[in-house]
There are 2 protein chains.
Amino acid sequence: MRIALHQTAGHPGDVAANLAEADAAAAGASAAGARLLILPEMFLTGYDIGPEIHALAEPLDGPSHSAMAATARRHGIAILYGHGERAGGATYNAARMVDAEGRPLLDYRKTHLYGAGERALYRPGDALAPVVEVESLRVGVLICYDVEFPEAVRALALAGADLVAVPTALPVPTPAVPTVLIPARAYENQIFVAYANRCGRERTLEFEGLSTVAAPDGTVLARAGAGPELLLAEIGPAAYAGSRAANPYLADRRPELYGR
Amino acid sequence: MRIALHQTAGHPGDVAANLAEADAAAAGASAAGARLLILPEMFLTGYDIGPEIHALAEPLDGPSHSAMAATARRHGIAILYGHGERAGGATYNAARMVDAEGRPLLDYRKTHLYGAGERALYRPGDALAPVVEVESLRVGVLICYDVEFPEAVRALALAGADLVAVPTALPVPTPAVPTVLIPARAYENQIFVAYANRCGRERTLEFEGLSTVAAPDGTVLARAGAGPELLLAEIGPAAYAGSRAANPYLADRRPELYGR
């Protein structure tokens, strides 16, 4: 199954412009044969917009989610996108995945917040999301810093994920995350990992780009540069049966030895 | 603190020759200013010697361990070395670390055996080893396949390791382990990882070489080629305080979310 990652600077603070950009990206990804489009962290509002996020964040039945569902239906493609979720008086750094008919498949709230800046704005999520099926593929979702924790990816792999899809907003200079950690997460779980980053500048941050798709054997299937890019990759688990047989990590774990 | 990794083909089945080689390596490492020498997996006997290991494996009070202690004392250097341990009617794939006066610091039995071949020969260990002090450094030990499990390295990092030292016997073609996983283990725990491999051929296997020392920021401090080599690296945790502050993985874990 082909997937597409939309690496972009987006339009910080301009939800309407981001919805329009998502529609164009979905059209392009669908035309390129992709069945799943992954947008970056906090795509709907921008990531680095400070406390303005509390006004722009929407509940899950808000109008931007209806618009994204319509985009998915219009172009016949599943979409995973980052957004600010407003619920219970708090704001979450969240992600939603909808199927090609616009139906919600998964909602997730980032569980590992990074640094004092995120902790000041967001309430952390209190659970990993279940693995869900997107056509033939079992997909798990994490957001940005989450994927840097091997435990989080392991939990999704043990839950059956073939692909862990990660909207992110990774600033410079941290190339070790896409170049070292993402291929390692793929290899050590014998799964695919797709890491869709922002690029360019927002208000105070410059983003790394380098969106990456890594395969179960640790190879990099696709990597973006520093600028805007629609990155395509083929996710074909059957081609990696040999790698999985030679590296049966999930079966060979000894959790009784690891403590917490 | 400087460390040395002795990448070698060794002398499969010839313990006396391996003891002599260890003494020469310790002399060279000590002369180069190293305070810890790491030898590969099953160094004393060779790795790929089949059931002959049961006759060559020794109890921990056996003559080869006395000889290694004398080597450490003679050259004033701590040594970590792989060996076959005979105990309770079983053979273990083990490692011992002695200090610069030859006193045992740590004994460990490989907990993650790789494949049917190792399982036919060895009984797995039933615990990770404690982190021990080697001069100013807190050192944890794993063996080969163990380090491919992020849980095992995490447990040692949480126990306070600055350096995880790994005797290994990695055959071709698996370069993803030294090039992808070892730097990731270092970065995701903000520690040093030293991976000391065999090279050349034994009876049925050709080894990868590529012994690697990775730093807390995911950079490779030293990497061997395909042939015999004494690899040196400086292990200086204080130089990576900035990386640790920017990546507080141990503090930011959420073990309540990960299940087993």
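See the structure printed just above.
Source: prediction; values computed, not measured.

**A closer look at the side chain of R185 of chain B**
Piece 1. Residue placement: R185 of chain B occurs in helix α6 (residues 176-189).
Piece 2. Taking the relative accessible area as the measure of exposure, R185 of chain B reaches 0% and is therefore buried.

**A short note on the pattern of salt bridges**
Piece 1. A complete count under the given rule lists 38 salt bridges over all chains for this structure.
Piece 2. Measuring nitrogen to oxygen at the nearest pair gives 2.9 Å for the salt bridge that ties E188 of chain A to R185 of chain A. With E188 of chain A and R185 of chain A both in helix α6 (residues 176-189), this residue pair falls three residues apart, about one helical turn. The burial state of E188 of chain A is the same as that of R185 of chain A; both residues are buried.
Piece 3. One network of salt bridges, with partners in common, ties together R185 and E188 of chain A together with R185 and E188 of chain B.

**With respect to the side chain of T168 of chain A**
Residues and elements named next belong to chain A.
Piece 1. Along the polypeptide, T168 turns up in the loop between β8 (163-167) and α6.
Piece 2. With a relative accessible area of 0%, T168 lands in the buried category.
Piece 3. Ignoring any residue separated from it by four or fewer positions in sequence, one finds T168 in contact with P40, E41, C144, Y195, A196, N197 and R198.

**With respect to the interface of chain B and chain A**
Piece 1. The interface of chain B with chain A comprises 42 residues on the first partner and 41 residues on the second.
Piece 2. It is E151, Y258 and R260 of chain B that lose the most area in chain B upon contact with chain A, and together they represent 19% of the buried surface on that side.
Piece 3. Linking chain B to chain A there are eight salt bridges.
Piece 4. In this structure, E151 of chain B engages R154 of chain A in a salt bridge whose closest nitrogen and oxygen atoms are separated by 2.6 Å.
Piece 5. The interface formed by chain B and chain A contains 20 residue pairs in polar contact (both at pLDDT 80 or more).

**Comments concerning helix α5 (residues 150-158) of chain B**
An α-helical turn contains 3.6 residues, so any two residues separated by three or four positions project in the same direction.
Piece 1. Burial within α5 of chain B is extensive, with eight of its nine residues counted as buried.
Piece 2. Residues P150, E151, A152, V153, R154, A155, L156 and A157 of chain B constitute the buried set of α5 of chain B.
Piece 3. For α5 of chain B, the secondary structure elements touched by its buried residues are α5 (150-158) and α6 of chain A together with β7 (137-141), β8 (163-167), α6 and α8 (249-252) of chain B.
Piece 4. Backbone geometry just after α5 of chain B places G160 of chain B at a positive phi near 105°.

**Focus on the environment of S30 of chain B**
Piece 1. Locating S30 of chain B in the fold gives a position in helix α1 (residues 15-31).
Piece 2. Setting aside anything within four residues of it in sequence, one finds S30 of chain B in contact with H75 and I77 of chain B.

**Looking at the relation of the copies chain B and chain A**
Between the two copies of the chain lies a rotation about an axis combined with a shift along it.
Piece 1. Least-squares fitting of chain B to chain A yields an RMSD of 0.0 Å, with the transformation described by 0.0 Å of translation along the axis and a rotation of 180°. Considering both components of the superposition, the chain copies are consistent with a two-fold axis.

**A closer look at the sheet that holds strand β12 (residues 212-214) of chain A**
All names here are of chain A.
Piece 1. In space, the six strands of this open sheet follow the order β6-β7-β8-β9-β12-β13, with mixed pairing throughout. The open sheet terminates on both sides in strands that have one partner only, identified here as β6 (132-134) and β13 (220-223). Ignoring strand direction, the axes of neighbouring strands in this sheet form an average angle of 25°.
Piece 2. Of the pairings in the sheet, the one linking β8 to strand β9 (residues 192-196) comprises five bridges and is parallel in character. Bridge pairing links P167 to A196 in β9.
Piece 3. Together, β9, β12 and β13 form the strand contacts of α6, whose direction differs from that of β9 by roughly 150°.

**With respect to the nonpolar core**
Piece 1. One finds I3 and L142 of chain A together with I3 and L142 of chain B to be the most contacted residues of the largest nonpolar core, which totals 122 residues.
Piece 2. Excluding its chain neighbours within four sequence positions, the residues that come into contact with L142 of chain A are Y108, L128, V147, A152, V153, L156, V164, A165, V166 and P167 of chain A.

**Focus: the sheet that holds β8 of chain B**
Strand pairing in a sheet takes place through backbone hydrogen bonds and is either antiparallel or parallel in direction.
Residues and elements named next belong to chain B.
Piece 1. With mixed pairing, the six strands of this open sheet are ordered in space as β6-β7-β8-β9-β12-β13. For this open sheet the edge positions go to β6 (132-134) and β13 (220-223), each flanked by a neighbour on one side alone. Across the sheet, the mean angle separating the axes of adjacent strands is 25° when strand polarity is ignored.
Piece 2. Sheet strands in contact with α6 are β9 (192-196), β12 (212-214) and β13, and its direction is about 150° off that of β9.

**A short note on the packing of aromatic side chains**
Piece 1. Within the structure shown, the criterion is met by 14 aromatic pairs over all chains.
Piece 2. Look at F192 of chain A and Y240 of chain A: their rings are 5.4 Å apart centre to centre, the planes differ by 90°, and that puts the pair in the edge-to-face class. With F192 of chain A in strand β9 and Y240 of chain A in the loop between β14 (229-234) and α7 (241-246), this residue pair connects regions lying 48 residues apart in the sequence.
Piece 3. Linked through ring pairs, Y114, Y145 and F149 of chain A together with Y187 and Y249 of chain B together constitute an aromatic cluster.
Piece 4. The residue whose ring lies beneath R109 of chain B is Y92 of chain B, and the NZ or CZ to ring-centre distance is 3.8 Å.

**So, the pairing of strand β5 (residues 104-109) of chain A**
Walk down a regular strand and you will see the side chains alternate between the two sheet faces.
Residues and elements named next belong to chain A.
Piece 1. Taken together, the five bridges between strand β4 (residues 90-98) and β5 define a ladder with antiparallel strand orientation. Paired with A94 across the bridge in β5 is R109.
Piece 2. Connecting β4 to the antiparallel partner β5 that follows it, the hairpin turn spans five residues, and G102 within it adopts a positive phi of roughly 85°.

**Some points on the pairing of β8 of chain B**
Residue and element names in this part refer to chain B.
Piece 1. The buried fraction of β8 is high, at five of five residues.
Piece 2. Every second residue of β8 is oriented toward a common face, with L163, A165 and P167 on one face and V164 and V166 on the other, all of them buried.
Piece 3. Inspection of the sheet shows β7 paired to β8 by three bridges, in the parallel sense. From the neighbouring strand, G140 faces β8, where its bridge partner is V164.
Piece 4. The parallel pair β7 and β8 is bridged by α5, and the resulting crossover is right-handed.
Piece 5. Crossover handedness for the path β8 to α6 to β9: right-handed.

**Quick word on the packing of α6 of chain A against α6 of chain B**
Piece 1. Orientation of α6 of chain A relative to α6 of chain B, taken along the N-to-C sense of each, is 110°, at an axis distance of 9 Å. Taken together, the axis directions place α6 of chain A and α6 of chain B in an arrangement best described as roughly perpendicular. Where α6 of chain A crosses over α6 of chain B, the handedness of that crossing is left-handed. Here α6 of chain A contributes A176, V177, V180, L181, P183, A184, R185, Y187 and E188 of chain A to the contact with α6 of chain B, which in turn contributes A176, V177, V180, L181, P183, A184, R185, Y187 and E188 of chain B.
Piece 2. A per-class count over the contact of α6 of chain A with α6 of chain B returns 14 nonpolar, no polar and four charged.

Parameters at a glance
Residues numbered from 1 in each chain as written. Chains lettered and ligands numbered in written order. Predicted model: local features only at pLDDT ≥ 70, side-chain atom pairs only at ≥ 80, totals over all residues. Heavy atoms only, no water. Helix = DSSP H or I, 4+ residues; strand = E, 2+ residues; numbered from the N terminus. Buried < 20%, exposed > 50% of the residue type's maximum accessible area, 1.4 Å probe, protein only. Salt bridge = Lys/Arg side-chain N within 4 Å of Asp/Glu carboxyl O. Contact = heavy atoms within 4.5 Å. Buried area = accessible area lost by both parts, 1.4 Å probe. Polar contact = N/O pair within 3.5 Å; in protein donor to acceptor, adjacent residues only side chain to side chain. Least-squares fit on C-alpha atoms with pLDDT ≥ 70 in both. Pairing = 2+ DSSP bridges. Axes fitted to C-alpha atoms, helices over the stretch in contact; angles between N-to-C directions. Core = buried A, V, L, I, M, F, W, Y, C linked by side-chain atoms within 4.5 Å. Phe/Tyr/Trp six-rings, centres within 6.5 Å; stacked < 30°, edge-to-face > 60°. Lys NZ or Arg CZ within 6 Å of the ring centre and 35° of its normal. Right-handed = clockwise from strand over helix to strand, strands pointing away. Parallel < 35°, antiparallel > 145°, perpendicular 65-115°, else oblique. Left-handed = near helix turned anticlockwise from the far one by under 90°. Nonpolar A, V, L, I, M, F, W, Y, C, P; charged D, E, K, R; others polar.

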